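# Secondary and tertiary structure notes
Take a look at the letters that make up each chain.
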Amino acid sequence: MIQNPIIPFIEGDGIGVDITPAMIKVVDSAVERVYENKRKIEWKEILAGEKAFQQTGEHLPQASLESLREHVVGIKGPLTTPVGGGIRSLNVTIRQILDLYSCVRPVRWYGSASPLKHPEQMDVVIFRENTEDVYAGVEYESESLEAKKIIALLKDLGVRDDQVCTDAAVGIKPISPGRTKRHVRKALRWAIAKGRRLATLMHKGNIMKFTEGAFMRWGYEVADEPEFKSKIQVNDRIADNMFQQLLTRTDEYDMIIAPNLNGDYISDAAAAGVGGLGMAPGANIGDGLAVFEATHGSAPKYAGLNKVNPSSLILSAAMMLEYLGWQEAADSIHKSLETTLAQRLGTYDLVRCWRNEGENNVKELSCSGFADALIGNNPY
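Residues numbered from 1 in each chain as written. Predicted model: local features only at pLDDT ≥ 70, side-chain atom pairs only at ≥ 80, totals over all residues. Heavy atoms only, no water.

### Observations regarding a nonpolar patch on the surface
Side chains of Val 138, Tyr 140 and Ile 172 sit close together on the surface and give an oily, nonpolar patch of about 210 Å² of accessible area. Structurally, the position occupied by Tyr 140 is in strand E6 (residues 139-140). The partly exposed category is assigned to Tyr 140, whose relative accessible area is 31%. (Patch = residues over 30% accessible without salt bridge, like charges linked within 9 Å, V, L, I, M, F, W, Y side chains within 5 Å. Areas by Shrake-Rupley, 256 points an atom, 1.4 Å probe, with all protein chains shown as cover. Salt bridge = Lys/Arg side-chain N within 4 Å of Asp/Glu carboxyl O. Helix = DSSP H or I, 4+ residues; strand = E, 2+ residues; numbered from the N terminus. Buried < 20%, exposed > 50% of the residue type's maximum accessible area, 1.4 Å probe, protein only.)

### So, unusual backbone geometry
With a phi close to 50 degrees, Glu 36 is a non-glycine residue in the positive phi region. Inspection of the secondary structure puts Glu 36 in the loop between helix H1 (16-35) and strand E2 (42-46). One non-glycine residue with positive phi stands out, namely Asn 306, at about 55 degrees. Structurally, the position occupied by Asn 306 is in the loop between strand E12 (290-294) and helix H10 (311-324). A residue is classified by how much of its surface remains accessible, and Asn 306, at 28% relative accessible area, is partly exposed.

### Focus on the nonpolar core
Residues Ile 75, Leu 188, Ile 257 and Leu 321 are the most contacted members of the largest nonpolar core, which totals 72 residues. In terms of residue count, H1 provides more of this core than any other element does, 10 residues in total. Among residues more than four places away in sequence, those in contact with Ile 257 are Phe 127, His 183, Val 184, Ala 187, Leu 188, Ala 199, Thr 200, Leu 201, Met 202 and Phe 215. Counting 15 residues, the second largest nonpolar core, distinct from the first, contains Met 122, Met 242, Leu 246 and Ile 256. (Core = buried A, V, L, I, M, F, W, Y, C linked by side-chain atoms within 4.5 Å. Contact = heavy atoms within 4.5 Å.)

### Structural notes on the layout of surface pockets
The computed volume of the second largest pocket comes to approximately 570 Å³. Together, 27 residues line the second largest pocket, and Pro 106, Trp 190, Lys 194, Met 319 and Glu 322 are the ones closest to its centre. Secondary structure elements with two or more residues in the lining of the second largest pocket: strand E4 (102-108), strand E5 (123-129), helix H6 (177-194), strand E11 (281-285), H10 and helix H11 (327-342). For the lining of the second largest pocket, the leading source of residues is H11, giving 5 residues. (1 Å grid on protein atoms, 1.4 Å probe; cavity = no way out; pocket = protein on both sides within 12 Å on 5 of 7 lines; lining within 4 Å. Points joined across faces, edges and corners; volume = space filled by probe spheres on them.)

### Some remarks on the packing of H6 against helix H7 (residues 212-223)
Where H6 meets H7, the closest approach of the two axes is 9 Å, and the angle between their N-to-C directions is 50 degrees. Viewed along their axes, H6 and H7 adopt a mutual orientation that is oblique. As for how H6 packs across H7, the hand of that crossing is right-handed. For the pair H6 and H7, contact is made by Pro 177, Thr 180, Lys 181, His 183, Val 184, Arg 185 and Leu 188 and by Phe 215, Trp 218, Gly 219, Glu 221, Val 222 and Ala 223, respectively. Across the contact of H6 with H7, the residue classes tally to 7 nonpolar, 3 polar and 3 charged. (Axes fitted to C-alpha atoms, helices over the stretch in contact; angles between N-to-C directions. Parallel < 35°, antiparallel > 145°, perpendicular 65-115°, else oblique. Left-handed = near helix turned anticlockwise from the far one by under 90°. Nonpolar A, V, L, I, M, F, W, Y, C, P; charged D, E, K, R; others polar.)

### Points about the sheet that holds E11
Strand-to-strand pairing in sheets goes through backbone hydrogen bonds, with the strands running parallel or antiparallel. Strand order across the open sheet formed by 10 strands is E2-E1-E3-E12-E11-E4-E5-E10-E8-E9, with mixed pairing between neighbours. Every interior strand has two partners, whereas the edge strands, E2 and strand E9 (233-238), have only one. Strand-to-strand, the axes of this sheet are offset by a mean angle of 25 degrees, without reference to chain direction. With 3 bridges joining them, E4 and E11 adopt antiparallel strand pairing. (Pairing = 2+ DSSP bridges.)

### Things to note about the pattern of salt bridges
Oppositely charged side chains can pair when the atoms bearing their charge come close. Across all of its chains, the model carries 26 salt bridges by this definition. We note a salt bridge from Glu 293 to Lys 76, for which the minimum N-O separation is 3.1 Å. In this pair, Glu 293 sits in strand E12 while Lys 76 sits in strand E3 (residues 73-76), placing the two residues 217 residues apart along the sequence. The pair formed by Glu 293 and Lys 76 is uniform in burial state, with each residue classed as buried. Across the salt bridge formed by Glu 227 and Arg 189, the nearest N and O atoms sit 2.6 Å from each other. Separated by 38 residues along the polypeptide, Glu 227 in the loop between H7 and E9 and Arg 189 in helix H6 bring together distant segments of the chain.

### A few points about the packing of aromatic side chains
Across all of its chains, the model carries 5 aromatic pairs by this definition. When the centroid spacing of 5.6 Å and the interplanar angle of 65 degrees are considered together, the rings of Tyr 35 and Trp 326 count as edge-to-face. Taken together, the residues span a long stretch of sequence, with Tyr 35 in helix H1 and Trp 326 in the loop between H10 and H11 at a distance of 291 residues. Here the two residues Tyr 35 and Trp 326 agree in accessibility, since each one is buried. With a centroid separation of 5.7 Å and 65 degrees between ring planes, the pair formed by Phe 292 and Tyr 323 is classed as edge-to-face. (Phe/Tyr/Trp six-rings, centres within 6.5 Å; stacked < 30°, edge-to-face > 60°.)

### Overview of the pairing of strand E10 (residues 255-258)
A two-sided burial pattern is seen for E10, the buried positions comprising Met 255 and Ile 257 on one face and Ile 256 and Ala 258 on the other. Pairing analysis gives 4 bridges linking E5 to E10, with the strands arranged parallel. By the bridge assignment, Val 125 is partnered in E10 with Met 255. Summarising the sheet, strand E8 (residues 198-203) and E10 pair through 3 bridges and their orientation is parallel. By the bridge assignment, Leu 201 is partnered in E10 with Ile 257.

Purely spatial values, then, with no claim about function.
See below:
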């Protein structure tokens, strides 16, 4: 085990300037206390997003990608993606170029306000496929030559006029057996290693039989392989039913394995049950390479105000420590977060929700102040 790994980090756009230093401070303190200065992370800043563009003229320099490949593990703050135009998502680009094919989103309750009656029952991890489905990025604008060609081809294949309008924008949803199966294998290996009892394949196979329905069938084929058979239970749920069951039968779900879009929706919905995206960590993992990240946006209007909740990035860093095999340091961060929230110390978003639930004995902290509270409540 490496005692002093070099970890590349991307500060991130917008509030990255606030939450990334807070994360580094909390992680460094946990590692120092738990391992008594015998281990230390060497942080290496790499560029992506607006900061990269300002310094290099590129939003995602090749040097940053090479650094992530070289050092195997990295972490990033949020990167802005324009809606409806501009650059393509840098988050998606990093995942696809590095073939980080599984997005991993653990969701559990730490003590924040929640719309659920029993948020403590939420302890689920979502494995979302990262390279196909809508993330393949194959789409053509309405009235474009490419869209017209595809629509003409569909007509030739027997698609009715009332199914696809002649002026429709067109997107293609590829889902393949090879990429599905490697994703499901990674999820089931993770589940077995973590002692999870049940994995649920989430799909819309009742309507999209040859893409999402096939995702389900290929998932079951993996579950039947000797490596997994009899070691973990696997079932499936139709996507819309999965949403209501996660709310009404929360404690019955351990792991959800989904194609890209379903995984995107369900992970954010699950996070809402435990305090929102500010409390939800994430990782993108491939074969021998992983990038951990905040799961929320860059919130530029709050940038530099030292105001926002750094928990998502801090919990993502705890996932990173687990990935490194530094479980004790990760556990100390989880415990310090639980203690801090139990004391009703939180950033403005946490405090607002507690007050909306009628709690008044709460204290609002800045982003850096919240990080200091976590450090003060570290059990070591």
